[in-house]
Amino acid sequence: MMTILRKLTLIISLAICSFSLSAFDFSLGGGGSDDSGGGANIFDIGDMISGVKDISRTVTGIDEEDEIEIGRDAAAVLLGASKPVNDPELQRYVNRIGRWVVNQTDRAHLPWRFAVLDSTAVNAFATPGGNIFVTDGLLRLLNSEAELAAVLAHEVAHVVQKHHIKAMSSFNTSGLSGVIKLASVTREGRSNQMTSKVVGEVKDMYLRGLDKDDEFEADSMGTVIASRAGYDPFALMAVLQTLDSINPENSGLALLYKTHPPASDRLDKLEPVLDQFDDAAEESPELQKRFNRYVRKQS
Amino acid sequence: MKQLFYSTLIILTVSSSAFAADKMGVISRDATLYAKPFKDADSIAELPASTAITVLKRKGGWYEIKSTDKQGWVRLTRVRLNRKGGASQESDSGVGELLTGLATGRGKSDQDTTATAVKGLSEEELRNAQPDEDALNSLDNFAVSDADSDNSGLQTRQVEFQATTKEESDSQAPATKPVDEEDEE
């Protein structure tokens, strides 16, 4: 068993070293010629707000402060299960991309925090109020900055749509008011230990996952958000294709698949969203360069 | 020199096979094979679901593919790539282990290679997690303010969210002055 594993690792490592350029270019597609000329356009805020309002299943009735408070509790719990990777350059890079992505939504004002967590599981998490986590296991599967941005954008969409608040409310015996009460409990006692009730409900939510339709919505919104940011609209799809190409029995995917629909279902749902895009965005080679530098540690 | 030749040879051999394996796939749902990567291009054939294909390259939302005697373009969304490592005999070593080589420069993370492969954020670890406020506060160290957000020449686009209806809107936002903040390293 061990020997086979080692051999497999070696072969894969070798193969990756040598074919990474061609293979990854392949999945990036397009070819990446640069005609962007360094320009960036200011997005239209009014337009985005109306865009967000297009989707009606938004949770209302929770103060942003409470949302942020619950989100901090949730983030502390997740961080109890895995620490941020000790790589300041990488963490800052992910935050820069994340910030650029959230600027394409109408909730850019939230206290957004992004982090890569030192976990070999393949997963990403968001908490209310704007904490976004990507595991190192998932990061290592990604081929480009566009794919990273797409994963972040999927999580950002959950926050924009308050999917977690919705999920917690539907299981709290007092519904949304119960969740709001949890927020006030922890706000009063933040310096002390979080009450076990808050911790328990947060854990239950992440172990149970969100509503499946909210996952599909986050795929679709995430694709739009990332493409607004100028990234390849097909990048999230590429990530899902990668996930789909891994044996779903793999232990690294266990929690992901316990809490998410199968990648193939998500791909099917994403197809109509992608039909509006014919071409991948022309991305500057600069993006691949810095992805290689910060994520792959190649100079 | 000779050594270099042989190692190059080995790498080339390994890479070509791995590369080929990576690009095999199937048509997921009935798809039209087009002569060019456009919807109004001539259609070459209708490929039924489960047709085995080789993906040659990607252009935007299209894959150029080969299937037995035919070659052309299909929508990216109609393709599923084959499972890596063979569907049947893949060992459950955790994806992290399988992917160790992916981030070439970062080396191997320090996980144990034995049975319990998943480190951090497995179901069990989440169940047993104790809230870590210090780690939470440490996230502030890497937060990026609006001014530092990095677009690196990315061109924003106006795209609407889709609810149930499909809309066609992919217009370019009007060009404005680039926001080109230099990021500090």
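Going by the structure above, here's the rest.
Calculation notes
Residues numbered from 1 in each chain as written. Chains lettered and ligands numbered in written order. Predicted model: local features only at pLDDT ≥ 70, side-chain atom pairs only at ≥ 80, totals over all residues. Heavy atoms only, no water. Helix = DSSP H or I, 4+ residues; strand = E, 2+ residues; numbered from the N terminus. Buried < 20%, exposed > 50% of the residue type's maximum accessible area, 1.4 Å probe, protein only. Contact = heavy atoms within 4.5 Å. Areas by Shrake-Rupley, 256 points an atom, 1.4 Å probe, with all protein chains shown as cover. Axes fitted to C-alpha atoms, helices over the stretch in contact; angles between N-to-C directions. Parallel < 35°, antiparallel > 145°, perpendicular 65-115°, else oblique. Left-handed = near helix turned anticlockwise from the far one by under 90°. Nonpolar A, V, L, I, M, F, W, Y, C, P; charged D, E, K, R; others polar. Pairing = 2+ DSSP bridges. 1 Å grid on protein atoms, 1.4 Å probe; cavity = no way out; pocket = protein on both sides within 12 Å on 5 of 7 lines; lining within 4 Å. Points joined across faces, edges and corners; volume = space filled by probe spheres on them. Core = buried A, V, L, I, M, F, W, Y, C linked by side-chain atoms within 4.5 Å.

### Section: the overall build of chain A
A count of helices and strands for chain A gives 14 helices and three strands. Evaluated residue by residue, chain A yields a buried proportion of 66% over its 299 residues. Considering only contacts within chain A whose residues lie at least 6 apart along the sequence, 75% involve residues at least 24 apart. Of the roughly 10,100 Å² of accessible surface on chain A, 54% is carried by carbon and sulfur atoms.

### Regarding the overall build of chain B
The secondary structure content of chain B amounts to four helices and seven strands. Sequence-ordered secondary structure for chain B, helices as α and strands as β, is α-β-β-β-β-β-β-β-α-α-α. Per-residue burial over chain B gives 41% buried out of 185 residues. Of all intrachain contacts in chain B linking residues separated by at least 6 positions in sequence, the fraction that spans at least 24 positions is 40%.

### A word on the packing of helix α7 (residues 163–171) of chain A against helix α8 (residues 175–188) of chain A
Residues and elements named next belong to chain A. Contact geometry of α7 with α8 gives a least axis separation of 7 Å together with a crossing angle of 110°. Relative to α8, α7 is oriented roughly perpendicular. Considering the relative orientation of α7 and α8, their crossing is right-handed. Here Ile165, Met168 and Ser169 of α7 lie close against α8, whose contacting residues are Gly175, Leu176, Val179 and Leu182. By residue class, the composition of the contact of α7 with α8 is five nonpolar, two polar and no charged.

### Digging into the environment of Leu274 of chain A
Position of Leu274 of chain A relative to the elements: it lies in helix α13 (residues 263–274). For Leu274 of chain A, a relative accessible area of 0% translates into the label buried. Along the backbone, Leu274 of chain A and Thr223 of chain A are 51 residues apart, and their C-alpha atoms lie at a distance of 8.2 Å. Leaving out residues up to four positions away in the same chain, Leu274 of chain A has contacts with Thr223, Pro233, Phe234 and Met237 of chain A together with Arg75 and Thr77 of chain B.

### Re the sheet that holds strand β1 (residues 113–117) of chain A
In sheet architecture, strand pairing relies on hydrogen bonds along the backbone and comes in two forms, parallel and antiparallel. Residue and element names in this part refer to chain A. Taken in spatial order, the three strands line up as β1-β3-β2 in an open sheet, and their pairing is mixed. Whereas interior strands pair on both sides, the edge strands pair on one side only; in this sheet they are β1 and β2 (124–127). Neighbour-to-neighbour, the strand axes of this sheet turn through a mean angle of 15°, independent of strand direction. Pairing analysis gives four bridges linking β2 to strand β3 (residues 131–135), with the strands arranged antiparallel. Opposite Ala124, over in β3, you have Val134 as the bridge partner. Running at roughly 20° to β3, helix α3 (residues 64–81) makes contact with β1, β2 and β3 of the sheet.

### A few points about empty space enclosed by the protein
All names here are of chain A. By the definition in use, this model includes five cavities of 30 Å³ or more. Reported here for the largest cavity is a volume of approximately 150 Å³. For the largest cavity, the lining is made up of 14 residues, of which Leu138, Val151, Glu155, Leu256 and Arg266 are closest to its centre. At the level of secondary structure, the elements contributing two or more residues to the lining of the largest cavity comprise α6 (145–160) and α11 (235–244).

### Considerations on the nonpolar core
Note on soluble globular proteins: their nonpolar side chains tend to be buried together. Grouped together as the largest cluster of nonpolar side chains are 75 residues, with contacts concentrated most on Tyr93, Leu148, Val156 and Tyr231 of chain A together with Val74 of chain B. With 11 residues, α6 of chain A is the largest single contributor of residues to this core. Residues contacting Tyr93 of chain A, with those up to four places away along its chain left out, are Glu145, Leu148, Leu287, Arg290, Phe291, Tyr294 and Val295 of chain A.

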